[in-house]
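Notes for the structure review
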Amino acid sequence: APTWATTLGDHRFDDRLAPRDAAAIARAGAERDALLVRLDAIQPSTLGGPDRITHAMLHGKLAAEQGIDACKFHEWTIDSGGGSLFGELSYLVESHMVKTPLDATNLIARLRQGDTLVDATIENLSLGLAGKRVTSAEKLRRAIDQLDAELAKPTETWAMVTPAWATLIGVD
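First, a word on what this report is: a plain description of the structure on this page. (Residues numbered from 1 in each chain as written. Predicted model: local features only at pLDDT ≥ 70, side-chain atom pairs only at ≥ 80, totals over all residues. Heavy atoms only, no water.)

Looking now at the overall build of the protein chain. Counting its secondary structure elements, the protein chain contains eight helices and zero strands. Reading the secondary structure of the protein chain in the N-to-C direction produces α-α-α-α-α-α-α-α. Relative to a compact globule of 172 residues, whose C-alpha radius of gyration would be 16 Å, the protein chain shows 20 Å and is clearly more extended. In terms of its C-alpha atoms, the protein chain occupies a principal-axis envelope of roughly 65 × 45 × 25 Å. Across the 172 residues in the protein chain, those meeting the buried criterion constitute 22%. Partitioning the intrachain contacts of the protein chain with sequence separation of at least 6 by distance along the chain shows that 67% fall at a separation of at least 24. Surface summary for the protein chain: the accessible area is close to 11,400 Å², and the carbon and sulfur share equals 64%. (Helix = DSSP H or I, 4+ residues; strand = E, 2+ residues; numbered from the N terminus. Rg over C-alpha atoms; globule rule 2.2 N^0.38 Å. Buried < 20%, exposed > 50% of the residue type's maximum accessible area, 1.4 Å probe, protein only. Contact = heavy atoms within 4.5 Å. Areas by Shrake-Rupley, 256 points an atom, 1.4 Å probe, with all protein chains shown as cover.)

Here is the structure:
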């Protein structure tokens, strides 16, 4: 994901958010499945000790992710914590270091994609609803309460914007 790449110090994708629409999720799953096929073609017995361990761990992770796909979490999971859309966008501001004008431009470009992220999430949840997959009523209530509480505050007090405006205080 682009945001993970930024966290790791790879700044080639600093202006992007990972797509969350159903087609993008399917493409990512297909890429993972193709990688698993390539990994299966490697005989662990031909590898040295550390590489054999890495092979086993990677295979286990990819196979587990393949199994989890059946759950279609993106179609029904709603969170009111850090995993929520609002939490993710707020964390983005905190984790995306702004040291140069280009860093600021990239962060703004990412934030402008927030509406696409929200739209894709709504589409995914609609797919889940059509498939009779929904989150618990309590998780939904908490997420709505969190969003309502945040929307009731003045925009400049949102956690999402605090780092941006706080760093501007005292700038001539």
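Where helix α2 (residues 22–40) contacts helix α3 (residues 49–68), the two axes come as close as 10 Å, and the packing angle between them is 145 degrees. As α2 packs across α3, the resulting crossing turns out to be left-handed. Residue-level inspection shows R32, D33, L35, L36, L39 and D40 of α2 in contact with α3, the latter providing H55, L58, H59, L62, A63, E65 and Q66. When its residues are assigned to classes, the contact of α2 with α3 shows six nonpolar, three polar and four charged. (Axes fitted to C-alpha atoms, helices over the stretch in contact; angles between N-to-C directions. Left-handed = near helix turned anticlockwise from the far one by under 90°. Nonpolar A, V, L, I, M, F, W, Y, C, P; charged D, E, K, R; others polar.)

Below, the discussion takes up helix α5 (residues 101–111). Where α5 is concerned, the buried positions are D103, N106, L107 and R110. Looking straight down α5, one finds that the buried residues subtend no more than 100 degrees of arc, so they occupy a single side. Here the buried face of α5 lies against α1 (2–7), α4 (85–95) and α6 (114–130). (Arc of directions from axis to C-beta.)

Taken as a whole, this structure holds ten salt bridges when the rule is applied. A salt bridge links E75 to R133, with the nearest nitrogen and oxygen atoms 2.1 Å apart. Of this pair, E75 sits in the loop between α3 and α4 while R133 sits in the loop between α6 and α7 (137–152), placing them 58 residues apart in sequence. Look at E75 and you get buried, because its relative accessible area is 7%. By relative accessible area, which is 26% here, R133 ends up partly exposed. Overlapping salt bridges bring together E138, R141, R142 and D145 as one network. (Salt bridge = Lys/Arg side-chain N within 4 Å of Asp/Glu carboxyl O.)

As far as function goes, none of this settles anything; it's purely spatial.
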